[in-house]
Amino acid sequence: MTSFHLPATTPAAEALPAVAPVAPGIVLPGKRLDFPAREPLPLDCGVSLAPFTVAYQTYGTLNAAKSNAILVCHALTGDQFVAETHPITGKPGWWETMVGPGLTFDTDRYFVICTNVLGGCMGSTGPATINPATGQPWGLSFPVITIRDMVRAQLRLVDYFGIDSLFCVAGGSMGGMQVLEWAATYPERCFSALPIATAARHSAQNIAFHEVGRQAIMADPEWCNGEYQRQGKRPERGLAVARMAAHITYLSEAALHRKFGRSLQDRERVSFGFDADFQVESYLRHQGSTFVDRFDANAYLYITRACDYFDLAAEHGDALVNAFRGTRTRFCLVSFTSDWLYPTSENRAVVHALNAAAANVSFVEIATDKGHDAFLLEEPEFFATVEGFLNGCAEHRGLSKP
Amino acid sequence: MIALAASRPRSNIRVDLQLIAEMVTPGSRVLDVGCGDGALLDWLQHNKQVDGRGIEWSQAGVNNCVRQGLSVIQGDAETDLRDYPSEAFDYVILSQTLQATFDPKVVLGEVVRIGRRAIVSFPNFGVWHVRLALLLTGKMPVTDSLDSAWYETPNIHLCTITDFVELCDDLGIVIEQAMVLDRKGRPRHLRAPGFMSNLLGEQGLFVLSRR
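Here the structure is a predicted model, which means the values were calculated and not measured.

Q: I'm lost on the confidence of the model for chain B in this one. Help?
A: One rule of thumb: low pLDDT means the predicted coordinates there are not for detailed reading. Considering every residue of chain B, the mean pLDDT works out to 91; 95% of them sit at 70 or more. pLDDT under 50 marks residues 1-9 of chain B. Its contacts with residues more than four places away, or in other chains, come to 14 contacts.

Q: Honestly, the packing of helix 6 (residues 104-114) of chain B against helix 8 (residues 161-171) of chain B in this entry has me stumped. Any pointers?
A: Two packed helices can be described by the angle between their axes and the distance between those axes. Residue and element names in this part refer to chain B. With their axes 11 Å apart at the nearest point, helix 6 and helix 8 run at an angle of 60° to one another. Crossing of helix 6 against helix 8: the hand is right-handed. Residue-level inspection shows Lys105, Leu108 and Gly109 of helix 6 in contact with helix 8, the latter providing Phe164, Leu167, Cys168 and Leu171. Grouping the amino acids of the contact of helix 6 with helix 8 by side-chain chemistry returns 5 nonpolar, 1 polar and 1 charged.

Q: Would you mind going over the side chain of His372(A) with me for this structure?
A: Residues and elements named next belong to chain A. By secondary structure assignment, the location of His372 is in the loop between strand 16 (360-366) and helix 10 (380-397). Reaching out from His372, the side chain makes a polar contact with the side chain of Ser173 at a distance of 2.7 Å. In this view, His372 contacts Ser173, Ala197, Thr249, Tyr250, Asp339, Leu341 and Tyr342; residues no more than four positions away in its chain are not counted.

Q: It is not clear to me how the environment of Arg258(A) should be interpreted in this structure. Could you clarify?
A: Residue and element names in this part refer to chain A. You can see Arg258 is positioned in helix 6 (residues 253-259). A C-alpha to C-alpha distance of 48 Å links Arg258 and Pro51, two positions 207 residues apart in sequence. Excluding anything up to four places from it in sequence, Arg258 contacts Asp369 and Lys370.

Q: Explain the environment of Phe35(A) here, please?
A: Residues and elements named next belong to chain A. As for its placement among the helices and strands, Phe35 is situated in strand 3 (residues 31-35). Assessed through its relative accessible area of 2%, Phe35 is described here as buried. Counting along the chain gives 121 residues from Phe35 to Arg156, while the straight-line C-alpha distance between them is 8.9 Å.

Q: Is there a simple way to think about the packing of helix 4 (residues 204-219) of chain A against helix 5 (residues 236-250) of chain A in this case?
A: Residue and element names in this part refer to chain A. Axis separation between helix 4 and helix 5 bottoms out at 7 Å; the angle between their running directions is 165°. Viewed along their axes, helix 4 and helix 5 adopt a mutual orientation that is roughly antiparallel. Here helix 4 runs over helix 5; the crossing is right-handed. In this structure, helix 4 contributes Phe209, Val212, Gly213, Ala216 and Ile217 to the contact, and helix 5 contributes Gly238, Leu239, Val241, Ala242, Ala245 and Thr249. Among the residues making up the contact of helix 4 with helix 5, the classes are represented as 8 nonpolar, 3 polar and no charged.

Calculation rules
Residues numbered from 1 in each chain as written. Chains lettered and ligands numbered in written order. Predicted model: local features only at pLDDT ≥ 70, side-chain atom pairs only at ≥ 80, totals over all residues. Heavy atoms only, no water. pLDDT = per-residue confidence, 0-100. Contact = heavy atoms within 4.5 Å. Axes fitted to C-alpha atoms, helices over the stretch in contact; angles between N-to-C directions. Helix = DSSP H or I, 4+ residues; strand = E, 2+ residues; numbered from the N terminus. Left-handed = near helix turned anticlockwise from the far one by under 90°. Nonpolar A, V, L, I, M, F, W, Y, C, P; charged D, E, K, R; others polar. Polar contact = N/O pair within 3.5 Å; in protein donor to acceptor, adjacent residues only side chain to side chain. Buried < 20%, exposed > 50% of the residue type's maximum accessible area, 1.4 Å probe, protein only. Parallel < 35°, antiparallel > 145°, perpendicular 65-115°, else oblique.

Given below as C-alpha cells:
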C-alpha cells in the first residue's frame with residue numbers, strides 16, 4: 001500500500017461527473033477517480049471494496065517536484081467542496097475563509113486536495129452508491145468502514161497524482177482523526193501534519209452523542225431498516241433530529257447564550273404549546289431541515305461509526321506513543337478553549353504522546369467561546385497560527401514564496 | 001536547513017541569551033523550556049541550524065512562537081518534561097525559568113535526564129545588593145532581574161548560586177561549566193562557583209549533565 005505506483009486508472013475516469021445520491025437531480029461538479037474491480041481496497045473489517053470511487057476537488061497547481069500538495073480532510077458532514085460554492089446548498093465552501101489565493105492555505109503557493117471520505121455521500125463510494133453486484137444501493141450491506149479505510153482511499157488518490165510526500169495533511173474534528181491516522185500509518189508520506197480540534201480516540205461521551213443520532217435515524221419509520229432508497233422514501237425527520245443533537249455539541253453554552261439567550265421567535269410571549277417559541281429551537285430546526293437536503297442518512301450512520309471505532313492507541317499496542325515513534329513529520333495541534341466535544345485535554349494527550357516520541361510538535365490553544373465549530377469560523381489567532389506553521393514548514397521544505 | 005541560515009540571519013538577542021546560544025553546538029537538538037517569545041530559539045534555528053523546540057506557559061508567548069514558524073507547545077515544565085524520553089535532546093535550556101517553577105528539584109532532575117546537557121540560568125539572590133537591601137530595609141528586594149513586588153512575582157523559588165550548587169550536589173548533577181553574569185548579562189571573570197561569585201554575580205549560568 002505504501003509503495004508508489006503509477007496510476008492504473010484511465011484519465012478518462014477522472015472526467016466523469018460524480019453523482020450525489022441525496023440530490024438525484026444535481027450532477028456534482030468536480031473530479032472523481034474510479035478504481036476498477038482489479039484494484040480492490042482492503043478494509044479493516046476484513047472485506048475488500050471494489051470497485052470504488054473517490055470524488056475529490058483540487059485548488060492551485062501541483063509543482064514540478066510535487067512537493068507543495070496539501071491534503072485537507074473534511075469533518076463528519078463536510079465534503080470535498082472546501083473553497084467553492086456548494087453545488088447543492090449554494091452556500092460558500094466550508095473552509096473558504098482558509099483556502100484560496102493569498103489565504104492561509106494559499107492556493108497560489110500550495111496544491112490543495114480534498115476528497116469526499118469513503119462512506120460519504122458526495123460522490124465517493126458509500127452506502128447510497130449502487131452496488132454493481134446487485135444493481136441496488138448498498139444500504140446496510142455496505143461494509144463498516146474506519147478512519148484508516150478513509151485514509152487508505154485517500155492514499156490511492158495521492159498515489160494517482162504521483163505525490164511521494166504530502167507537504168501537509170490538515171483537518172479538524174474527524175478530519176483531524178484522518179490527519180493523525182495519516183501521520184501514524186504513512187509517516188513517510190506526510191512532511192507535516194495539522195490535526196485541529198480532534199482526539200486520538202473517541203471518548204464515551206462522543207460515542208454517546210453519535211448513538212443518539214443513529215437511534216434518531218433508525219427510529220424514523222421512513223428509514224425502513226436502511227432500505228429507504230429502494231422504497232422511495234427518506235428518513236428526513238430522523239436525520240434532522242440527529243443533526244440537531246449533534247449541532248448542539250459543536251457550539252458552546254456561551255455561544256448559544258450570546259446568539260439566542262432566551263429570545264422568542266417572531267412572538268411577544270410563549271405560546272403554551274410546542275411550536276418553536278424560542279429562537280434557539282427555530283435555529284436548530286432550520287439546521288436539521290437544511291441538513292437533510294445534502295446528506296444521506298445511512299452515510300451518517302457509517303461515518304459516525306467510523307469515528308466511534310477510532311482509537312489510535314489501540315491500533316498501536318495501547319500506547320499512543322507507539323503510533324508516532326521515529327516520526328520525522330512536523331506536527332502542529334490546535335485546540336479551542338470552549339470546545340467540549342474535542343476538548344484541549346484530548347488534543348494535549350496527543351501532544352504528550354508526540355513529546356514522548358521526541359517528535360517535532362507545536363501546540364496552540366486558541367481562546368474563543370465559539371465551541372468546537374471555531375475551527376470553521378473566523379478566528380484570526382487560529383489563522384495566524386496555521387499560517388506560521390505552514391510558513392515554517394515551507395522553509396524547511398524549500399518551497400519558495402509565491 | 002542550510003538555505004535557512006542564509007535567508008534570515010538573526011542578531012540582537014539579549015546578552016545573556018547570546019552567551020547561552022554560543023554554548024550550543026551547531027546542528028544539535030535543543031529544547032528551550034520557558035522559551036517566552038522564542039527569541040533564543042529563533043536565533044539558534046537561523047544561526048546554528050539547530051533542531052529547536054520550545055515549551056512555554058503563556059498562551060500569548062506560544063502563539064507568537066508558532067506564528068513565527070517555531071515548534072513550541074503550550075505546557076509547563078512540571079508536567080510536560082516527564083513525557084520526553086531520556087537524552088532526547090543535546091541541550092535543554094532553562095533560561096530564567098527555574099526560579100518560577102513549583103518544584104525546581106524535579107525540574108532540574110528532568111532537564112539533565114532528557115538533555116545530554118542542560119544549560120541553566122537564574123537570578124542570584126545572594127548578590128551583595130540584594131543581601132544589603134534586605135538587611136537595611138527589611139523588605140523583599142526589588143531589582144533589575146527581580147522586578148516585581150513579593151505578592152506578584154512569578155519567582156516563587158529564588159535561590160543563591162551556593163544554594164544551586166548544593167542542590168546539584170544532592171541530585172548528583174555534574175557542573176561542567178559555571179559562570180556568573182553582571183547586571184547587563186555580561187560574564188564576570190570570577191571563579192565560579194565560589195564565595196565571591198555568589199556575592200558579586202547578578203545571574204548564575206551553568207552547564208550541567210548527569211553523572
